[in-house]
Amino acid sequence: MLSIDEKVKALRALMEEKGYDAYLVTGTDPHMSEYVAPRWRTRAFISGFTGSAGTVLVTKTEAILWVDSRYFIQAAAEIKGTCFRMIKLDIDDNPDAYKYIEDNMANGSCVATEECGINIESFNTLKKRFAKKGISFVASEDLLDKIWDDRPAIPNSTLRSVPLGYCGLDSCDKLKKVREELKKRGADNTFISSIDDIAWLTNLRGDDIKCNPVFMSFAYISMDKAYLFTSPSRFTDEVRAICEKDFIIKPYESAYTDLKDLISGVSYYNPERVNMAFSSLLDKEESITGRDITTDLKAKKNEIELRGMRRSHLMDGVAFINFLSKLNTTPDGSLDEIAVSTLLEKERERLEGYLGPSFNPISGFKEHGAMCHYSATPESSKKIDSDGLLVLDTGSQFYYGMTDITRTLCFGTPTAEQKKDYTLVLKGHLALARQIFYKGTKGYQLDVLAKQYMWQAGMTFYHGTGHGVGFNLNVHEGPMNISGKPIDVALEKGMIVSDEPGIYKEGRHGIRIENLIAVDDYIETEFGQFLAFEVLTMVPYEKKLIDLKYLDDSEIQQINAYHQWIKEELIGLVDESAKAYLESATSPLERE
């Protein structure tokens, strides 16, 4: 096996043959997925850095890795002793990879990137940007494939069909909705590359990417036919028969060769999700571009899907209470970060319909909790052997839905600072959850609700306040979110988002509280339709960390009502041995 430095040397030799002065590695797959299967972990292959976000640039003399603050410590450790150096994003006015190229590559230089690893929109934007500096930008063949001898194969997991009783709408009806939207937009067909959209459209699920029940595929839909490009060998006879009622199945890689014979008329596609290998077929003057129609349809859960999501949170609440009850009686110092998340996982494995985690668990004790996307390893897993806070961010996949929940747990006696920080986070979390808002309101218009109390205390957080969540699909789902970024997407009935403010104090502690909330109708008046949030998550807050002097009476009432609801829903479902814990954890807060 080649070392990192040997891989870089081999890549530079290929660059020399092709006449490239630099090679850009994005680390994504041909579908622009957030999480990728082992085959497309190109960033890790060439640099050794295994985080989920980052950019690599290899020039004739430099090997550089760009990462954001989530990965400063991890990246430094993983590239240590190699030819790579790290540039930290978002601090000290450091340039990102693209600004670095503009500032450091000579006029006449040629920068290449693998054509299936960059979307059409990004490529065209960067090509124009670099051209102003006299730098050419080309979409190349996959150079890393030529030096990756033991590269994993394209994943080929067996598919399962989601029953109508879980998904609420069959593929035929979903195709009708897509075609209706195409007509409204003046298009004759659409090409879809987003694999979670395709999973939703086909009512199929796979296991090609860990924790994401998706499968490698493309879809092409005209007004009278629908094609699904995925490996035919992944179908059982039963699932194939169901799928072929609505789709013509063709091999995955044939999309690159067969699409040219299928396209007729005006095409609609999302240039931010389709890779450059399809550019010659789709990137035409007459084409219409925009967000995938399926993305908007998928975001608004139907009543059957919402019923399944409620059931998922009920079951997850059962597991969480059973877990917390056991954790509460576990001897001090006997667990570490990994053991805590494993204990919760064992409780979830007892649940009917449980499929597995919806993402890799985040379990961070003390200073590790201040790294908002910390991932414990056997080497880093900290012992829970003293007073401190543990941020536990986990989720479940079920046949009938999914969850994503964060609770900050207190071990031992909390400090006044910890209680204040937790209560300020909780106040923002509660404020967002109870907000009534006018139809058409965007997520960024609500973001300050979750941050207001922290701001008044001179604190804030930098991650999003809320992300969209899929139905037995990806834990991060668009197009909606709640953050400071002015994303022009209104919150609509049926959308599910997270409510997860936090505070992170480097070297000391982290705090995050996360519930999932569903958008629902509230009231219609002479002024129009107003919406509200339905809280789905059923896990008590950490009462040891709540300082009542920072709460007003209405906030205390809101917490008590939430806890009473949890107790009523779960008391008949949790283990007999956990009932006393549930009673205690949900008992009313009262001022002295």
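Below: a short report on this structure. In this text, all values refer to a predicted model and were calculated from it rather than measured experimentally.

As a further point, take the pattern of salt bridges. For the coordinates displayed, the defined rule picks out 41 salt bridges. One salt bridge connects Lys298 with Asp197, and the closest N-O pair in it is separated by 3.4 Å. Here the residue Lys298 occupies a position in helix 12 (residues 293-299), and Asp197 occupies one in helix 8 (residues 195-202), the gap between them amounting to 101 residues. Asp197 matches Lys298 in its accessibility class, with the two residues each being buried. A salt bridge links Asp521 to Lys493; the nearest nitrogen and oxygen atoms lie 3.4 Å apart. A residue pair is termed long-range when its members are at least 10 positions apart, and Asp521 in strand 27 (residues 515-525) and Lys493 in the loop between strand 23 (477-482) and strand 24 (496-499) qualify at 28 residues.

Tallying each qualifying case throughout the model produces zero disulfides. A disulfide-free cysteine, Cys372 has its sulfur positioned 18 Å from the sulfur of Cys211, the nearest such atom. On the accessibility criterion, Cys372 (18% relative accessible area) is buried.

Another point: the pairing of strand 1 (residues 22-25). Because side chains alternate across strand 1, one face comprises the buried residues Ala22 and Leu24, and the other comprises Tyr23 and Val25, equally buried. Sheet topology places strand 1 next to strand 5 (residues 110-114); three bridges connect them, and they run parallel. Counterpart to Tyr23 in the pairing with strand 5 is Ala112. Where strand 1 lies against strand 2 (residues 55-59), four bridges are found, and the strand directions are antiparallel. Pairing of Val25 across the sheet is with Val56, part of strand 2.

Glancing now at the layout of surface pockets. In this model, the second largest pocket occupies a volume close to 620 Å³. For the second largest pocket, the lining is made up of 29 residues, of which Asn328, Cys410, Phe411, Glu542 and Lys544 are closest to its centre. Going through the elements one at a time, helix 13 (303-328), strand 20 (405-411) and helix 18 (579-585) are the ones with two or more residues in the lining of the second largest pocket. The leading source of residues in the lining of the second largest pocket is strand 20, at five residues. Taken together, the residues that form the lining of the second largest pocket break down as 14 nonpolar, eight polar and seven charged.

Now for the sheet that holds strand 16 (residues 362-365). Strands belonging to one sheet form pairs held by backbone hydrogen bonds; the direction of such a pair is parallel or antiparallel. The three strands lie next to each other as 16-17-20, forming an open sheet whose pairing is antiparallel. With one partner strand each, in any of the chains shown, strand 16 and strand 20 form the two edges of the open sheet. Adjacent strand axes in the sheet meet at a mean angle of 15°, parallel and antiparallel pairs treated alike. Sheet topology note: the strand 17 (residues 388-394)/strand 20 ladder contains seven bridges and is antiparallel. For Leu392, the partnering residue across the bridge sits in strand 20 and is Arg407. The strands that helix 13 touches are strand 17 and strand 20; relative to strand 20, the one it contacts most, it runs at about 15°. Packing of helix 14 (residues 337-348) onto the sheet brings it into contact with strand 16, strand 17 and strand 20, and relative to strand 17 it is tilted by some 45°.

This paragraph deals with the packing of aromatic side chains. For the structure on display, the rule yields 21 aromatic pairs. Here Phe123 and Phe137 contribute two aromatic rings whose centre-to-centre distance is 4.9 Å and whose plane-to-plane angle is 20°, an arrangement assigned as stacked. Pair noted here: Phe123 is in helix 5 (residues 120-131) and Phe137 is in strand 6 (residues 136-140), with a separation of 14 residues, a long-range link. Each member of the pair, Phe123 as well as Phe137, is classed as buried. For the pair Phe437 and Phe533, a centre-to-centre distance of 5.0 Å together with 40° between the ring planes defines the contact as tilted. Within this pair, whereas Phe437 is found in strand 21 (residues 437-438), its partner Phe533 is found in strand 28 (residues 528-535), the two being separated by 96 residues in sequence. In terms of burial, Phe437 and Phe533 fall into one category: buried. Sitting above the plane of the Trp200 ring, Lys174 keeps its charged end 4.2 Å from the centroid.

Our next topic: empty space enclosed by the protein. Sizing a probe to match a water molecule and rolling it over the atoms shows the empty space that remains. Applying the stated criterion across every chain, the model contains one cavity of 30 Å³ or more. Here the largest cavity defines a volume of roughly 90 Å³. Along its surface, the largest cavity is lined by Tyr23, Leu24, Val25, Thr26, Gly27, Thr28, Thr42, Thr113, Glu114, Gly117, Asp142 and Leu144. Elements represented by at least two residues in the lining of the largest cavity include exactly strand 1 and strand 5. Looking at the lining of the largest cavity, the element that brings in the most residues is strand 1, giving three residues.

About the cut-offs
Residues numbered from 1 in each chain as written. Predicted model: local features only at pLDDT ≥ 70, side-chain atom pairs only at ≥ 80, totals over all residues. Heavy atoms only, no water. Salt bridge = Lys/Arg side-chain N within 4 Å of Asp/Glu carboxyl O. Helix = DSSP H or I, 4+ residues; strand = E, 2+ residues; numbered from the N terminus. Buried < 20%, exposed > 50% of the residue type's maximum accessible area, 1.4 Å probe, protein only. Disulfide = S-S within 2.5 Å. Pairing = 2+ DSSP bridges. 1 Å grid on protein atoms, 1.4 Å probe; cavity = no way out; pocket = protein on both sides within 12 Å on 5 of 7 lines; lining within 4 Å. Points joined across faces, edges and corners; volume = space filled by probe spheres on them. Nonpolar A, V, L, I, M, F, W, Y, C, P; charged D, E, K, R; others polar. Axes fitted to C-alpha atoms, helices over the stretch in contact; angles between N-to-C directions. Contact = heavy atoms within 4.5 Å. Phe/Tyr/Trp six-rings, centres within 6.5 Å; stacked < 30°, edge-to-face > 60°. Lys NZ or Arg CZ within 6 Å of the ring centre and 35° of its normal.

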